[in-house]
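Remarks on the overall topology
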Amino acid sequence: MNRNLWLGLIMTGILLAIVILGPYLPFVDPSLEQNLLDKDDGGGLLVPPYAPSDEFLIGTDRKGVDLWSKVMVGARETFYILAVIVGFRLVLALLVSVGAFYISGIRLIMNIWNAVFSFMPTIFIILILLAIPGVMFSDYRAFWVMAIISVVEVGRLALIFYDSLQTQKRQTYMEAAIASGGRRWTLFKSYYWPSLKREVVSSGATESGRAMFLLAQLGVIGIYINQEFFSQLDRSYRSVDLSNSWPVLLSNLRRDVNSAEWIPLVALFFITFSIIGFYLLADGLKKRQAIKLRRDFQ
């Protein structure tokens, strides 16, 4: 029994249910109303963030927004961002890898791409690119941030797809197909693509976990997709949070750990749950593919 596959399917299924049904689940306030003042049992005034209680199941954020509601409603934005990043990365890597497989010039570009963006941790490269004024203060900043996060990892992923094509090419039956006069498109459609498609599916799950982890890292240092910068009188810039995505809950991690630990704990729970679910799904898919290949060659 492929336990990892089943566990991954169950966990990602739960995430999908939250994305679809989140705003309609029990105890969820879709309006994300801010509760700026509250009273304790003695009648004294309280200010957010509020600790978990009967009124707020898992507490509130620093604006007094119910965390349970924010997590359930913010799931759609979180996974929309994730889907755009991973989808763009997969498509671009697929095009580059197939081009590299047939054209030596594109193969050189792929190798350079991978070398340039692998000489230092991904997050450092992203921070350098996001610091470019034309990107940071662009009216289309959200697009540029997602594009940069996607493109930085394309070389590495394209190399994985390229190696898969090379492995397929070395199979004995491929030599027979080529010798019999099979055309390039026919060979790709009948032999290369079915194998590559399985690699793309499993890589999609893996890349989702990687992208979620990267978004969490960026959230910790106060960088997220839907963010705007406004000029202040002292000529400095202040960022304004316009997002309900999960990584935003980590933006005050250092302060929250000491005074409102439930905020980062809630975010880390759901983000970690997602990452584990994606990696279990990816591992399960790879095991399933390996079993199928062994059966095909028996």
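In the block above lies the structure referred to throughout.
This one's a predicted model, so the numbers in the text were calculated from it and none came from an experiment.

**Examining the overall build of the protein chain**
- Assigned secondary structure in the protein chain consists of 11 helices and 4 strands.
- Every one of the 298 residues in the protein chain was classed for burial, and the buried ones make up 44%.
- Across the protein chain, contacts joining residues at least 24 apart in sequence account for 70% of those joining residues at least 6 apart.
- On the protein chain, roughly 16,600 Å² of surface is accessible, and the fraction owed to carbon and sulfur atoms is 63%.

**Here we look at the packing of aromatic side chains**
- This structure, assessed with the given rule, holds 11 aromatic pairs.
- On the basis of an interplanar angle of 70° and a centroid distance of 6.5 Å, the ring pair of Phe101 and Tyr162 is categorised as edge-to-face. You can see Phe101 sitting in helix H2 (residues 67–102) and its partner Tyr162 sitting in helix H7 (residues 154–169), a full 61 residues away along the chain.
- Overall, Tyr162 belongs to the buried group, its relative accessible area being 11%.
- Between Trp246 and Phe270, the aromatic rings sit 5.5 Å apart at their centres with planes inclined by 50°, giving tilted as the arrangement. Separated by 24 residues along the polypeptide, Trp246 in the loop between strand S4 (237–241) and helix H10 (253–259) and Phe270 in helix H11 (residues 262–297) bring together distant segments of the chain.

**With respect to the pattern of salt bridges**
- Under the counting rule described, the total for this entry stands at 7 salt bridges.
- For Glu153, the salt bridge identified is with Arg156, shortest N-O distance 2.6 Å.
- In this structure, the salt-bridge partner of Arg156 is Glu207, at a minimum N-O distance of 2.8 Å. Here Arg156 is found in helix H7, whereas its partner Glu207 is found in helix H9 (residues 184–220), with 51 residues between them in sequence.
- Residues participating in the shared-partner salt-bridge network are Arg89, Glu153, Arg156, Glu207 and Arg210.

Parameters at a glance
- Per-chain numbering applies: the sequence of each chain, read as written, is numbered from 1 onward.
- Reporting in this predicted model follows two pLDDT cut-offs: at least 70 for local features of residues, and 80 or more for side-chain atom pairs to be given and counted; totals over whole chains, interfaces and linings ignore these cut-offs and use all residues.
- Heavy atoms from the whole structure form the basis of all side-chain values; hydrogens and water molecules are not counted.
- Numbering of helices and strands runs from the N terminus; a helix is a DSSP stretch of H or I covering at least four residues, while a strand is a stretch of E covering at least two.
- Per-residue accessibility, obtained with a 1.4 Å probe over protein chains only, is compared with the maximum for each type, and a residue is labelled buried under 20%, exposed over 50%, and partly exposed between these values.
- In this description, contact between two residues means that some pair of their heavy atoms is separated by no more than 4.5 Å.
- What sets the accessible areas is the Shrake-Rupley method with a 1.4 Å probe; for residues, cover comes only from the shown protein chains.
- In summary, the pairing rule links any two rings of Phe, Tyr or Trp, Trp by its six-membered ring, whose centres are within 6.5 Å, and it sorts them by plane angle into stacked for under 30 degrees, edge-to-face for over 60 and tilted for everything else.
- The working definition used for a salt bridge is a side-chain nitrogen of Lys or Arg within 4 Å of a carboxyl oxygen of Asp or Glu.

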